[in-house]
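Close look at the chain arrangement
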Amino acid sequence: MTLAVGAGLLVGCAATGTDTPGGSGAVTSVPARDDVGTDPVPGNPGSTPLPVRAPSAEFVDRARLVADAVRRAGVPVPPTQLVLLSGWGVDEGFDTSEQKVAWGSGHITLAPAVDKAVAGSGTLRLADGSTRPVDLLGVRRALDRTLDGALGTPTDCNAVVAAQCRLVVSRAVLSEAKVRTAQGEVTAPVWRLTIDGLSHTISVIAVGDGVMVRPQYQGPLAGLPDAPAGLRAADSLKRVDGATVDVGIAGGGCDVDLAAHVVELGDMVVVGGTAQPPPKDVACPAIYISKPATLHLAKPLGTRPVIDVVTGRPRLLGVPAF
């Protein structure tokens, strides 16, 4: 079975390139991917580095097919916005399951003073210590964004009776909180909400639209044929240092001879892995393990995107693929 993962933010413009493939070499150990794709997991078998081998003719053919599809769609460039790795809500947590359902389904009433709370502008403090002014959203708009539109259009409470599926926000104070982004931890303006019956406050990011974006799941590039059996996806881009690129390769519990490969082109770098079929009559655990590999390119990566050989989607630095 081919392990395929695909996501990220695709922003692009057309480009062309027909350079020959190149670049493979030694490996070094890098942190394994955990449930959010960024932190080390001590003892995780995914921390064992993969060998990096020259790509087979089949891999090169697939890489060129992917590259052609990417060019037709428009070679992606990194987003200019901060890529938010947490949710729009901060310190979410509930005392009862009924509160959690009411929050997620948008059954929330704002006290009149809260509903009218507005703030024109604020300050975002970036990971490098610099600051930038940002427009802010009012409480209702910020909360509705956090709930993916459920505040404006509440959804069914399912098994929770209507009388218990209701939250009241009685107070909102403009404050700040630290949030994780692909560009590092930033301190952002938030609305700190007091909710009747809840033992703590919940905050929602108040920064106006267009400053931050959330990674969105994306399936394989439209029109791209299914990858041949045995190919493995590149699921993350962990580090770039000139011509040295650390990636994660999608692995499973029964991979045999899993190795990483790279095809380097003038306008992109296509990355993935291959594995042999498992032995017959062997029960394989249904687990997913992202395994690290370090690629040595023929020249610095520069502005070229790193493209997954299975899905044709870009891998953005520090952003989980799913």
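Residues numbered from 1 in each chain as written. Predicted model: local features only at pLDDT ≥ 70, side-chain atom pairs only at ≥ 80, totals over all residues. Heavy atoms only, no water.

A look at the packing of aromatic side chains
Aromatic ring pairs are defined here through the distance separating the ring centres and the angle between the ring planes. We count it as follows: The aromatic pairing rule takes the rings of Phe, Tyr and Trp, using the six-membered ring of Trp, and pairs them if the centres are within 6.5 Å, calling planes under 30 degrees apart stacked, those over 60 edge-to-face and the rest tilted. In this analysis the charged atom, NZ for Lys or CZ for Arg, is taken to sit over a ring once it is within 6 Å of the ring centre and within 35 degrees of the ring normal.
Tallied over the entire structure, the rule returns 1 aromatic pair. Between Phe94 and Trp103, the ring centres sit 5.9 Å apart and the planes meet at 50°, which makes this aromatic pair tilted. The ring of Trp88 has Arg145 lying over it, and the distance from NZ or CZ to the ring centre is 3.8 Å.

Regarding the state of the cysteines
Our working definition: Disulfide: a pair of cysteine sulfur atoms within 2.5 Å of each other. Any residue under 20% of the maximum accessible area for its type is buried, any over 50% is exposed, and the rest in between are partly exposed; the area is computed with a 1.4 Å probe on protein chains only. Only DSSP runs of H or I with at least four residues qualify as helices, and only runs of E with at least two residues qualify as strands; both kinds are numbered from the N terminus onward.
Enumeration over the complete set of coordinates arrives at 2 disulfides. Disulfide partner of Cys157: Cys165, at an S-S distance of 1.9 Å. The sign of the S-S torsion, about -75°, decides the handedness of the disulfide formed by Cys157 and Cys165: left-handed. Taken as a pair, Cys157 and Cys165 share a single burial class, namely buried. For Cys254, the disulfide goes to Cys284, at an S-S distance of 2.3 Å. Judged by the sign of its S-S torsion, about -85°, the cystine formed by Cys254 and Cys284 is left-handed. On the criterion of sequence distance, the pair formed by Cys254 in the loop between β13 (244-252) and β14 (256-264) and Cys284 in the loop between β15 (269-276) and β16 (288-296) is long-range, its members being 30 residues apart. For Cys284, a relative accessible area of 37% puts it in the partly exposed group. Numbered by order of appearance in the sequence, the disulfide-linked cysteines of the protein pair as 1-2, 3-4.

Observations regarding the pattern of salt bridges
For clarity, the cut-off: Only one rule defines a salt bridge in this text: a Lys or Arg side-chain nitrogen within 4 Å of an Asp or Glu carboxyl oxygen.
Tallying each qualifying case throughout the model produces 12 salt bridges. For Asp115, the salt bridge goes to Arg140, with nearest N and O atoms at 2.9 Å. With Asp115 in helix α3 (residues 112-115) and Arg140 in helix α4 (residues 139-146), this pair connects stretches of sequence that are 25 residues apart. Take Asp115: its relative accessible area is 32%, and that puts it in the partly exposed class. Using a relative accessible area of 36% as the deciding quantity, one classes Arg140 as partly exposed. Salt bridges linked by common partners bring Asp68, Arg71 and Asp267 together as one network.

Comments concerning the environment of Ala177
Short version of the rule: Throughout, a residue-residue contact means that at least one pair of heavy atoms, one from each residue, lies within 4.5 Å.
Residue placement: Ala177 occurs in strand β8 (residues 167-181). What makes Ala177 buried here is its relative accessible area of 12%. In this structure, the C-alpha to C-alpha distance between Ala177 and Val90, residues 87 residues apart in sequence, is 7.7 Å. Dropping the residues within four chain positions of it, Ala177 is found in contact with Val90, Val186, Thr187, Ala188 and Val190.

As for the pairing of strand β6 (residues 121-125)
Defined as follows: When DSSP finds two or more bridges between a pair of strands, those strands are recorded as paired.
Covered by surrounding structure in β6 are Gly122 and Leu124 only, the residues Ser121, Thr123 and Arg125 on the alternate face being uncovered. Across 5 bridges, the pairing between β6 and strand β7 (residues 131-135) is antiparallel. Following the sheet pairing, Leu124 is matched in β7 by Arg132. In textbook terms, the turn of a hairpin is the stretch between consecutive antiparallel strands, and for β6 and β7 this stretch comprises 5 residues, one of which, Gly129, has a positive phi near 95°.

What about unusual backbone geometry?
Although it is not a glycine, Asp91 sits at a positive phi angle of roughly 60°. Take Asp91: it is sitting in the loop between β4 (89-90) and α2 (97-105). Look at Asp91 and you get exposed, because its relative accessible area is 52%. Of note, Asp148 is a non-glycine position whose phi angle comes to about 55°, a positive value. Among the secondary structure elements, Asp148 is positioned in the loop between α4 and β8.

Structural notes on the confidence of the model for the protein
For clarity, the threshold we go by: Confidence scores here are pLDDT values: one per residue, from the predictor, ranging 0 to 100.
Averaged over all residues, the pLDDT of the protein is 85; the fraction at 70 or higher stands at 85%. Low pLDDT (under 50) marks residues 1-43, which in the prediction has 139 contacts with non-local residues, meaning those over four places away or in another chain.

Here's the deal with α4
Applied cut-off: Each C-beta atom gives one direction from the helix axis, and the arc is the one those directions make.
Val139, Ala142, Leu143, Arg145 and Thr146 are the residues of α4 that are buried. In a view along the axis of α4, the buried residues occupy a sector of 160°, so they form one face of it.

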